Amino acid sequence: MSSLRIESLRLVWLETFLRVTEAENLSAASREMGVDQSTVTRHIQALERWAGKPLLELYRGEYEGEEPGRLSRMTPAGVDLLQIAEQLVPKLNGFRTEQARREELLDSAASIIAKLLADLESRLPSRAAERWRSTITQAAASLEEALDWPIEKLERFARASRVLTKHYEWELKRERRLNRAKARPSKSGRFIKVPPSPAK
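Residues numbered from 1 in each chain as written. Predicted model: local features only at pLDDT ≥ 70, side-chain atom pairs only at ≥ 80, totals over all residues. Heavy atoms only, no water.

**Digging into the layout of surface pockets**
Then comes step 1: In this structure, the largest pocket spans a volume of roughly 810 Å³.
Then comes step 2: In terms of lining residues, the largest pocket is bounded by 31 residues, among which Glu-15, Arg-19, Glu-32, Met-33 and Arg-162 are the most central.
Then comes step 3: At the level of secondary structure, the elements contributing two or more residues to the lining of the largest pocket comprise helix H1 (11-23), helix H2 (26-33), helix H3 (37-51), helix H4 (76-95), helix H5 (98-120) and helix H8 (151-183).
Then comes step 4: Looking at the lining of the largest pocket element by element, the count peaks at six residues for H1. (1 Å grid on protein atoms, 1.4 Å probe; cavity = no way out; pocket = protein on both sides within 12 Å on 5 of 7 lines; lining within 4 Å. Points joined across faces, edges and corners; volume = space filled by probe spheres on them. Helix = DSSP H or I, 4+ residues; strand = E, 2+ residues; numbered from the N terminus.)

**Some points on the packing of aromatic side chains**
Then comes step 1: Under the definition given, this model contains one aromatic pair.
Then comes step 2: Ring geometry for Trp-149 and Phe-157: centres 5.2 Å apart, planes at 85°, overall edge-to-face.
Then comes step 3: We classify Phe-157 as buried; its relative accessible area is 11%. (Phe/Tyr/Trp six-rings, centres within 6.5 Å; stacked < 30°, edge-to-face > 60°. Buried < 20%, exposed > 50% of the residue type's maximum accessible area, 1.4 Å probe, protein only.)

**Digging into the packing of H2 against H3**
Then comes step 1: Following both chains from N to C, one finds H2 and H3 inclined at 110°, their axes separated by 8 Å at the closest point. The angle between H2 and H3 falls in the class roughly perpendicular. Facing H2, whose interface residues are Leu-26, Ser-27, Ala-29, Ser-30 and Met-33, H3 presents Gln-37, Val-40 and Thr-41.
Then comes step 2: Grouping the constituent residues of the contact of H2 with H3 by class yields four nonpolar, four polar and no charged. (Axes fitted to C-alpha atoms, helices over the stretch in contact; angles between N-to-C directions. Parallel < 35°, antiparallel > 145°, perpendicular 65-115°, else oblique. Contact = heavy atoms within 4.5 Å. Nonpolar A, V, L, I, M, F, W, Y, C, P; charged D, E, K, R; others polar.)

**Let's talk about H3**
Then comes step 1: Helix length check: H3, at 15 residues, gives a terminal C-alpha distance of 21 Å against a target of 21 Å (1.5 Å per residue), a fit within 8%.
Then comes step 2: Of all the positions in H3, only Thr-39, Val-40, His-43, Ile-44, Ala-46, Leu-47 and Glu-48 are classed as buried.
Then comes step 3: Among the structural elements, H1, H2, strand E1 (56-58) and H4 are those in contact with the buried residues of H3.
Then comes step 4: One or two residues past the end of H3 sits Gly-52, with phi positive at roughly 80°. (Expected span 1.5 Å × (residues − 1).)

**A look at the side chain of Ser-161**
Then comes step 1: Position of Ser-161 among the secondary structure elements: in helix H8.
Then comes step 2: Assessed through its relative accessible area of 4%, Ser-161 is described here as buried.
Then comes step 3: Sequence-distant contacts of Ser-161, defined by excluding residues within four places in its chain, comprise Ala-109, Ile-112 and Ile-113.

**Remarks on unusual backbone geometry**
Comment: phi is negative for the bulk of residues other than glycine, and the bulk of peptide bonds are trans.
Then comes step 1: For Glu-24, which is not glycine, the phi torsion reads 60° and is therefore positive.
Then comes step 2: Counting through the fold element by element, Glu-24 comes out in the loop between H1 and H2.
Then comes step 3: For Glu-24, a relative accessible area of 49% puts it in the partly exposed group.

**Things to note about H2**
Then comes step 1: The element H2 is largely enclosed, with a buried count of eight among its eight residues.
Then comes step 2: Among the residues of H2, Leu-26, Ser-27, Ala-28, Ala-29, Ser-30, Arg-31, Glu-32 and Met-33 are the ones counted as buried.

**Side note on the environment of Ile-151**
Then comes step 1: Tracing the backbone shows Ile-151 in helix H8.
Then comes step 2: The class of Ile-151 is buried, set by a relative accessible area of 13%.
Then comes step 3: Put simply, Ile-151 and Arg-101 are 50 residues apart on the chain and 8.2 Å apart in space, counted from C-alpha to C-alpha.
Then comes step 4: Leaving out residues up to four positions away in the same chain, Ile-151 has contacts with Glu-98, Arg-101, Arg-102 and Leu-105.

**Overview of the environment of Ala-85**
Then comes step 1: As for its placement among the helices and strands, Ala-85 is situated in helix H4.
Then comes step 2: A C-alpha to C-alpha distance of 9.5 Å links Ala-85 and Leu-11, two positions 74 residues apart in sequence.
Then comes step 3: Not counting residues within four places of it along the chain, the set of residues in contact with Ala-85 comprises Leu-14, Leu-18 and Pro-90.

In structure tokens, the structure reads:
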């Protein structure tokens, strides 16, 4: 008999599962949640251990330019769990007090903005950080005022923070790919083509 102790089901695992299925990508879900991709991976793995069966199948990024962690498809068990989670999670969140929801939104936005500020204030900030400097500093200033905002405005701010980090991370990844492409050709002997940046 296995000595592995399976934890009780945690709400955050279901919330992560919903984010991943919506974003169809682990890294995109992690940016929206304001956590590391390793945290998202741990949540999904814990949920699959709890269920005792695989829920998602992911591309492994075996081809050049392919991003690992992209959702390939959901297993039949994943589809069944998604139907349950889509009904259960909103009901459980609706049961919470407004103060608990406010604290969660503030923590999420603060985590995202702190990471962006750390990149911006590093000894050698990236060009992406410099391009987003004014937006990041404005978001940090707004965070100090957010304690007194109504819940609807706070939800919009948290959502905007997730969008900001999504665009920033995309530009940072593009910048790194450009640097690698300048340094060496691809396996085919041609330099990697980099797609244009999305509109801000």
